[in-house]
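Spelled out, the chains give:
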Amino acid sequence: MRKAEHRDWLRPGDRKALRLIRNRIVHTGSAPSIRGLAAELGFSSARSAVVIIERLIAAGYLKRRESDRMLQLLKIPDDAKDKESTVEVALVGSAACGVPLLAIENIEAMVPVSTRLARPGQKYFLLRASGDSMNEAGIQDDALVLVQQQGTAEDGQLVVALIDDEATIKELRRSRDAVVLVPRSSTKKHKPIVLRRDFRVQGVVVATLPSLVD
């Protein structure tokens, strides 16, 4: 019990660094540079930031991806979460060609989400929206979108679909011989995508999440 409590204890500087790293990963997909983190923490030496990162890795809060050595956020301190019940949901980046959307290579962070949105017993993931093709549906550029993982969807639902291994968020419309992915945008350049093959539903959009700030 004492060992678990020790693992969850963080020094004030470590806690601030973790918050900065978390927010940067969640909003941009990558952690700040060592020098950038040191500057934000008020250190004159980058080595001080390296030491903090190493402590956070040893304590199980961060991990370096084997594929590119980028930092992944594994958890945040229990006392930094909202008081309401939460579950950890994987935040994934854009799916690289040939790499499954939820493969470990694409997971950037584990983010606590209220069980009022991510209900126990279902599988979910978070996706960072890109562009303005769904802004009239309330999904802005860089918004975090909570998705219930499933392979089917009903007509009219907002879905995450894979087209040639690239993820896109659109409204699903079905006809007798085709599937249409419809944008909901104030920008008229976005056109419906008509598909007859190479199409997979990855999940249904549940909600967009507010920015994570402290």
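The model shown is predicted, which means the values in this text are computed figures rather than measured ones.

Asks: Before we go on, may I ask you to explain the packing of aromatic side chains in this structure?
Replies: Where two aromatic rings form a pair, the distance of their centres and the angle of their planes describe that pair. Applying the stated criterion to the full structure yields 0 aromatic pairs. A cation over an aromatic ring shows up here: Lys 75 above the ring of Tyr 61, its NZ or CZ 4.7 Å from the ring centre.

Asks: Even after reading the chapter, I still don't get the packing of helix α2 (residues 12–28) against helix α4 (residues 46–58), so can you show me in this structure?
Replies: The geometry of a pair of packed helices is captured by two quantities: the angle between their axes and the separation between those axes. At their nearest, the axes of α2 and α4 sit 10 Å apart, and the two run at 85° to each other. As judged from the angle between their axes, α2 and α4 are roughly perpendicular. Contacts from Gly 13, Asp 14, Ala 17, Leu 18 and Ile 21 of α2 reach α4 at Ile 52, Ile 53, Arg 55 and Leu 56. Residue composition of the contact of α2 with α4, by class: 6 nonpolar, 1 polar and 2 charged.

Asks: Sorry if this is basic, but what is going on with the pairing of strand β11 (residues 199–209) here?
Replies: For a regular strand, side chains alternate in direction, first toward one face of the sheet and then toward the other. With 6 bridges joining them, strand β6 (residues 144–149) and β11 adopt antiparallel strand pairing. Bridge pairing links Val 145 to Thr 208 in β11. With 5 bridges connecting them, strand β7 (residues 158–163) and β11 associate as antiparallel partners. In the sheet register, Ala 161 faces β11, and the bridge partner there is Val 201.

Asks: Help me understand the pattern of salt bridges, please; the structure alone is not making it clear to me.
Replies: Between side chains of opposite charge, pairing is possible as soon as their charged atoms come close. Under the defined criterion, the tally for this structure stands at 7 salt bridges. Here Asp 14 makes a salt bridge to Arg 55, at a shortest N to O gap of 2.7 Å. Here Asp 14 is found in helix α2, whereas its partner Arg 55 is found in helix α4, with 41 residues between them in sequence. Given a relative accessible area of 28%, Arg 55 falls into the partly exposed group. Three or more residues are tied together by salt bridges with common partners; here these are Asp 155, Glu 171, Arg 173 and Arg 184.

Asks: What should I look at first to understand the packing of helix α3 (residues 34–41) against α4 in this one?
Replies: α4 packs onto α3 with a crossing angle of 100° between their chain directions and a minimal axis gap of 8 Å. One finds that α3 runs roughly perpendicular with respect to α4. Of the residues in α4, those in contact with Ile 34, Arg 35, Leu 37, Ala 38 and Leu 41 of α3 are Ala 46, Ala 49, Val 50, Ile 52 and Ile 53. Taken together, the residues of the contact of α3 with α4 sort by class into 9 nonpolar, no polar and 1 charged.

Calculation criteria
Residues numbered from 1 in each chain as written. Predicted model: local features only at pLDDT ≥ 70, side-chain atom pairs only at ≥ 80, totals over all residues. Heavy atoms only, no water. Phe/Tyr/Trp six-rings, centres within 6.5 Å; stacked < 30°, edge-to-face > 60°. Lys NZ or Arg CZ within 6 Å of the ring centre and 35° of its normal. Axes fitted to C-alpha atoms, helices over the stretch in contact; angles between N-to-C directions. Helix = DSSP H or I, 4+ residues; strand = E, 2+ residues; numbered from the N terminus. Parallel < 35°, antiparallel > 145°, perpendicular 65-115°, else oblique. Contact = heavy atoms within 4.5 Å. Nonpolar A, V, L, I, M, F, W, Y, C, P; charged D, E, K, R; others polar. Pairing = 2+ DSSP bridges. Salt bridge = Lys/Arg side-chain N within 4 Å of Asp/Glu carboxyl O. Buried < 20%, exposed > 50% of the residue type's maximum accessible area, 1.4 Å probe, protein only.

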